[in-house]
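Notes for the structure review
Residue strings, one per chain:
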Amino acid sequence: MTSPEPTPFSVVLRTASAAEHEAAESSSFMGHLLNGRLGVEAYAELSGQLWFVYRALEGRAAELAEHPVIGPFIDPALFRTAALEADLLHLRGADWQAGLTASPATAAYVARLEQLIDTWPAGYLAHHYTRYLGDLSGGQIIRGIAEKTWGFEKKGPGVHFYVFEQVENPAAFKRDYRSRLDAAGEALDEVERRRVTDETKKAFALNGAIFSDLDLRYPLSA
């Protein structure tokens, strides 16, 4: 009997983290924000918290460019820090950094990213996958709702974060990304694959914690 084909690593990551992914997506904060029940200031604060995350995710990416597992994923076409800064300039004005501080959950996320870059670069892949594929997928739904809710120009200031100008065909890009994930899985041994899978669950949990912090800061009025 022939052995069954191994499950592609992209499928392993998606299925193993499905519960954590769903929990993050169904947070009260995101639900209220996308239903138009929160003001644009809550959206601006979310953008600010994401700025801290992406600055950590991308600020040292060049150090990983030659890494055998992570290197193929380092692509400036994905970088979001500059787009977030453009959005924050529009949302908060020229002094957009004034008063902007990382929430406890955001600080924990940033610390985890820095730890991974220093000590376990393969674990960084879990966060790269979680953030960028999410931005290219569900993030596009968020963009459309934000444009409608707060009157942003289509793909303009306020939603630059969700516009990947250098990705000509998002569907093809995501297929290629998943192929790279599968290749990365083949390059890792079983222990490392399990560790990266567990880190993917943690990545979704860390994102969900940011939403929980924001939910405390922007509760709906009774």
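These remarks concern the structure in this document. As the structure is a computational prediction, the values presented were derived from the model and not from experiment.

1. Quick notes on the overall build of the protein
For the protein, the helix and strand inventory stands at ten helices and zero strands. Secondary structure elements of the protein, listed N to C terminal, follow the sequence α-α-α-α-α-α-α-α-α-α. Rg of the C-alpha trace for the protein: 18 Å, near the compact-globule value of 17 Å for 222 residues, within the 12% margin. Considering the protein as a whole, with its 222 residues, one finds that 47% of them fall into the buried category. Counted over contacts in the protein with a minimum sequence separation of 6, partners at least 24 positions apart contribute 80%. Summing over all exposed atoms, the protein offers an accessible surface of approximately 11,000 Å²; the carbon and sulfur share of this is 53%. Here the protein contributes 22 positively and 30 negatively charged side chains, and the mean placements of these two sets differ by 4 Å.

2. Quick word on the packing of helix α4 (residues 40–59) against helix α6 (residues 104–119)
When two helices pack together, you describe them by how their axes are tilted relative to each other and by the distance separating the axes. Interaxial distance between α4 and α6 falls to 9 Å at its minimum, and their mutual angle equals 5°. Considering their axes alone, α4 and α6 lie roughly parallel with respect to each other. On α6, the residues that touch Gln49, Phe52, Val53, Ala56 and Leu57 of α4 are Thr106, Tyr109, Val110, Leu113 and Ile117. For the contact of α4 with α6, the class distribution of residues is eight nonpolar, two polar and no charged.

3. A look at the nonpolar core
Among the nonpolar cores identified, the biggest contains 63 residues, and Phe29, Leu33, Leu46, Tyr54, Tyr124, Leu125 and Tyr177 are the most heavily contacted of them. Of all the elements, α4 adds the most residues to this core, at ten residues. Not counting the four nearest positions on each side in its chain, Tyr124 is found in contact with Leu57, Ala61, Leu64, Ile70, Ile74, Leu116 and Ile117.

4. Some words on the environment of Leu50
Within the element layout of this structure, Leu50 appears in helix α4. Taking the relative accessible area as the measure of exposure, Leu50 reaches 6% and is therefore buried. Each C-alpha atom, one on Leu50 and one on Thr106, is 8.0 Å from the other, the two residues being 56 residues apart in sequence.

Calculation criteria
Residues numbered from 1 in each chain as written. Predicted model: local features only at pLDDT ≥ 70, side-chain atom pairs only at ≥ 80, totals over all residues. Heavy atoms only, no water. Helix = DSSP H or I, 4+ residues; strand = E, 2+ residues; numbered from the N terminus. Rg over C-alpha atoms; globule rule 2.2 N^0.38 Å. Buried < 20%, exposed > 50% of the residue type's maximum accessible area, 1.4 Å probe, protein only. Contact = heavy atoms within 4.5 Å. Areas by Shrake-Rupley, 256 points an atom, 1.4 Å probe, with all protein chains shown as cover. Lys, Arg positive; Asp, Glu negative; His and termini not counted. Charge placed at Lys NZ, Arg CZ, Asp CG, Glu CD. Axes fitted to C-alpha atoms, helices over the stretch in contact; angles between N-to-C directions. Parallel < 35°, antiparallel > 145°, perpendicular 65-115°, else oblique. Nonpolar A, V, L, I, M, F, W, Y, C, P; charged D, E, K, R; others polar. Core = buried A, V, L, I, M, F, W, Y, C linked by side-chain atoms within 4.5 Å.

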